[in-house]
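Structure at a glance
The residues making up each chain are set out below.
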Amino acid sequence: MKHQTLDQLHIVADVHAEATDLVATRSQRLERWAKLLEKNPDRRLEALTGTEYKSPEIREKMRYNDSPLTVAFEDPIFRAQGLRDDTYGEARRFFELTDWQLHEIVCHCHVGASIRARWAASRVRAAMSERFGFFAWLRGIFMH
């Protein structure tokens with residue numbers, strides 16, 4: 001897949017500026033990611049292995065095919081807004097997450113080798129909370 005700027009996309013597609021305005025803030029981007037995951041709630045996604053043990057250089061480049069990060073990268077609006085790929089580092093930058101927050105969403109130590117998309121969505125929503133942790137995550141499961 002080739003990365004293109006919004007101006008380049010305007011040449012080949014009917015891109016509306018108002019669509020990209022819908023996900024201008026961190027909370028809006030996280031909420032959209034959660035909704036994208038919920039479109040196919042039983043989809044099995046790959047979890048990343050050992051993000052907390054990798055060096056920052058390796059962690060930045062980590063990616064798995066069909067991970068929760070892939071779901072975000074499949075979205076044309078996110079790509080138009082500058083999501084460059086589905087690596088751990090790029091997701092951390094784009095969604096303005098700390099390493100700990102992204103670790104809680106995608107690492108295998110919390111979910112095993114794979115995670116259902118609906119569980120990933122609840123973890124993304126929990127990251128929107130100031131008090132990210134087990135209870136925020138649990139609340140997210142029952143609220144959505």
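A short tour of the structure in this document, coming up. It should be emphasised that the depicted structure is a prediction, and the values quoted were computed from it without experimental measurement.

Turning our attention to the overall build of the protein. Helix and strand counts for the protein come out as eleven helices and two strands. Reading the protein from its N terminus to its C terminus gives the helix and strand order α-α-α-β-α-α-α-α-α-α-β-α-α. Relative to its full complement of 144 residues, the protein shows a buried share of 42%. Counting contacts in the protein only where the partners sit at least 6 residues apart, residues at least 24 apart contribute 58% of the total. Summed over all atoms, the accessible surface of the protein reaches about 8,200 Å², with 55% contributed by carbon and sulfur.

Attention now moves to helix 3 (residues 26-38). Taking 1.5 Å of rise per residue, the 13 residues of helix 3 would be expected to cover 18 Å, and the 18 Å separating its terminal C-alpha atoms lies within 8% of that figure. All buried positions along helix 3 are accounted for by Arg29, Leu30, Glu31, Trp33, Ala34, Leu36 and Leu37. Looking at the buried residues of helix 3, the elements they touch are strand 1 (44-46), helix 5 (68-73), helix 6 (76-80), helix 7 (88-94), helix 8 (99-106) and helix 10 (117-128).

Below, the discussion takes up the pattern of salt bridges. Pairing of side chains with opposite charge becomes possible as their charged atoms draw close. With the rule as written, the count across this model stands at 13 salt bridges. A salt bridge links Glu60 to Arg92; the nearest nitrogen and oxygen atoms lie 2.2 Å apart. Of this pair, Glu60 sits in helix 4 (residues 56-61) while Arg92 is found in helix 7, placing the two residues 32 residues apart along the sequence. When the shortest N-O distance is used, the salt bridge between Asp86 and Arg63 registers 2.6 Å. Here the residue Asp86 occupies a position in the loop between helix 6 and helix 7, and Arg63 occupies one in the loop between helix 4 and helix 5, the gap between them amounting to 23 residues. Here the residues in one salt-bridge network are Arg59, Glu60, Arg92 and Asp99, joined through shared partners.

A few words now on the side chain of Arg125. Inspection of the secondary structure assignment puts Arg125 in helix 10. Classification of Arg125 as buried rests on a relative accessible area of 9%.

In this structure, Trp33, Leu37, Phe78, Phe95, Leu97 and Leu102 are the most contacted members of the largest nonpolar core, which totals 30 residues. If you list the elements that add at least two residues to this core, you get helix 3, helix 5, helix 6, helix 7, helix 8 and helix 10.

This part covers unusual backbone geometry. For Asp66, which is not a glycine, the phi torsion comes out positive at approximately 60 degrees. Tracing the backbone shows Asp66 in the loop between helix 4 and helix 5. Taking the relative accessible area as the measure of exposure, Asp66 reaches 29% and is therefore partly exposed. Its identity as a non-glycine residue notwithstanding, Glu96 has a phi of 55 degrees, on the positive side. As for its position among the elements, Glu96 is in the loop between helix 7 and helix 8.

What follows is about the packing of aromatic side chains. Under the counting rule described, the total for this entry stands at four aromatic pairs. Geometrically, the ring pair formed by Phe78 and Phe95 is edge-to-face, given 5.3 Å between the ring centres and 85 degrees between the ring planes. Of this pair, Phe78 sits in helix 6 while Phe95 sits in the loop between helix 7 and helix 8; the two residues are 17 residues apart in sequence, bridging distant segments of the chain. Classification of Phe78 as buried rests on a relative accessible area of 0%. Among the residues examined, Phe95 registers a relative accessible area of 0% and is labelled buried. Centre to centre, the rings of Phe94 and Phe95 are 5.0 Å apart; their planes meet at 85 degrees, and the pair counts as edge-to-face.

Analysis parameters
Residues numbered from 1 in each chain as written. Predicted model: local features only at pLDDT ≥ 70, side-chain atom pairs only at ≥ 80, totals over all residues. Heavy atoms only, no water. Helix = DSSP H or I, 4+ residues; strand = E, 2+ residues; numbered from the N terminus. Buried < 20%, exposed > 50% of the residue type's maximum accessible area, 1.4 Å probe, protein only. Contact = heavy atoms within 4.5 Å. Areas by Shrake-Rupley, 256 points an atom, 1.4 Å probe, with all protein chains shown as cover. Expected span 1.5 Å × (residues − 1). Salt bridge = Lys/Arg side-chain N within 4 Å of Asp/Glu carboxyl O. Core = buried A, V, L, I, M, F, W, Y, C linked by side-chain atoms within 4.5 Å. Phe/Tyr/Trp six-rings, centres within 6.5 Å; stacked < 30°, edge-to-face > 60°.

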